[in-house]
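Chain residues, written in single-letter form:
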Amino acid sequence: MEPMDIVGKSKEDASLPKATMTKIIKEMLPPDVRVARDAQDLLIECCVEFINLVSSESNEVCSKEDKRTIAPEHVLKALEVLGFGEYIEEVYAAYEQHKIETMDSLKGGKWSNGAEMTEEEAAAEQQRMFAEARARMNGGATAPPKQPDLNPSLES
């Protein structure tokens, strides 16, 4: 197959992180099985080719529906068209699990305090953080945050 352009890059430029792929490969095998470096490289190339194939077919499905954004249902349909229909249920379950994990990490992330803030509370927190940053930049001198003028018509 000829190298194809992928968002302005040749196929040789598109790859997956070798360390991550090696870890995935090793996790799938029994501990006493070793994988030759050439075999690892080949598996990585196969993964890249598979992603290119599914992405291209997903784009075709998306285009046929006159859409401009590839959605999960386009990917699932592409898998079916490409002959991977037997994996759709498993892929969909993995996708649903990913959505749950992503939502959990967003709710419990480092910026979250476990409770939702109102817009006013968020603005107050932002002003407090700005004041702290100003204090650090000014060598510890703290200045109260500038309050917006609530009645601009009194200015002359």
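A.B. asks: Would you mind going over the overall build of the protein chain with me for this structure?
C.D. replies: Of the regular secondary structure elements, the protein chain holds 5 helices and 0 strands. Taken from the N to the C terminus, the helices and strands of the protein chain come in the order α-α-α-α-α. Across the 156 residues that make up the protein chain, the buried fraction comes to 13%. Counting only contacts in the protein chain whose residues sit at least 6 apart along the sequence, the fraction spanning at least 24 positions is 30%. Of the accessible surface of the protein chain, which amounts to about 13200 Å², a share of 57% is contributed by carbon and sulfur atoms.

A.B. asks: How should I be thinking about the environment of I25 in this particular structure?
C.D. replies: Summarising the element assignment, I25 is placed in helix α1 (residues 18-27). Through-space distance from the C-alpha of I25 to that of I44 is 9.4 Å; in sequence the pair is 19 residues apart.

A.B. asks: What am I meant to see in helix α3 (residues 72-81) here?
C.D. replies: Since one α-helical turn is 3.6 residues long, residues separated by three or four positions face the same way. Looking at α3, one finds that the buried residues are H74, L76, A78 and L79. After α3 finishes, the residue G83 shows a positive phi value of roughly 90°.

A.B. asks: Honestly, the packing of α1 against helix α2 (residues 37-64) in this entry has me stumped. Any pointers?
C.D. replies: The axes of two packed helices give the description: the angle between them and the distance between them. Running from N to C, α1 and α2 cross one another at 105°; their axes reach a closest spacing of 10 Å. Our classification of the angle between α1 and α2 gives roughly perpendicular. Here K18, M21, T22, I25 and K26 of α1 come into contact with α2, specifically with Q40, D41, L43, I44 and C47.

A.B. asks: Quick question: what am I supposed to make of unusual backbone geometry here?
C.D. replies: Backbone phi values are negative for most residues with the exception of glycine, while trans is the configuration of most peptide bonds. Residue D66 is not a glycine yet carries a positive backbone phi of 55°. Residue placement: D66 occurs in the loop between α2 and α3. Assessed through its relative accessible area of 72%, D66 is described here as exposed.

A.B. asks: Help me out: how do you make sense of helix α5 (residues 119-137) in this one?
C.D. replies: If you check α5, its first and last C-alpha atoms are 27 Å apart, about what 19 residues at 1.5 Å a residue would give, namely 27 Å. At the C-terminal side of α5, G139 shows a positive phi close to 75°.

A.B. asks: Looking at this structure, how should I read the side chain of H74?
C.D. replies: With respect to the helices and strands, the residue H74 is situated in helix α3. On the accessibility criterion, H74 (2% relative accessible area) is buried.

A.B. asks: Would you take a moment to explain the packing of aromatic side chains for this structure?
C.D. replies: Two descriptors summarise a pair of aromatic rings, namely the distance from one centre to the other and the angle between the planes of the rings. Under the defined criterion, the tally for this structure stands at 3 aromatic pairs. On the basis of an interplanar angle of 90° and a centroid distance of 5.3 Å, the ring pair of F50 and F84 is categorised as edge-to-face. Linking F50 in helix α2 with F84 in the loop between α3 and α4 (88-107), this pair joins segments that are 34 residues apart in sequence. Under the relative-accessibility criterion, F50 is labelled partly exposed at 35%. Under the relative-accessibility criterion, F84 is labelled partly exposed at 26%. Residues Y92 and Y95 carry aromatic rings whose centres are separated by 6.1 Å and whose planes lie at 50° to one another, so their mutual orientation is tilted. Separated by 3 residues within a single helix, Y92 and Y95 lie in helix α4, roughly one turn from each other. Classification of Y92 by relative accessible area gives partly exposed; the value is 40%. A connected cluster of aromatic rings, assembled from ring pairs, spans F50, F84 and Y87.

What counts and what doesn't
Residues numbered from 1 in each chain as written. Predicted model: local features only at pLDDT ≥ 70, side-chain atom pairs only at ≥ 80, totals over all residues. Heavy atoms only, no water. Helix = DSSP H or I, 4+ residues; strand = E, 2+ residues; numbered from the N terminus. Buried < 20%, exposed > 50% of the residue type's maximum accessible area, 1.4 Å probe, protein only. Contact = heavy atoms within 4.5 Å. Areas by Shrake-Rupley, 256 points an atom, 1.4 Å probe, with all protein chains shown as cover. Axes fitted to C-alpha atoms, helices over the stretch in contact; angles between N-to-C directions. Parallel < 35°, antiparallel > 145°, perpendicular 65-115°, else oblique. Expected span 1.5 Å × (residues − 1). Phe/Tyr/Trp six-rings, centres within 6.5 Å; stacked < 30°, edge-to-face > 60°.

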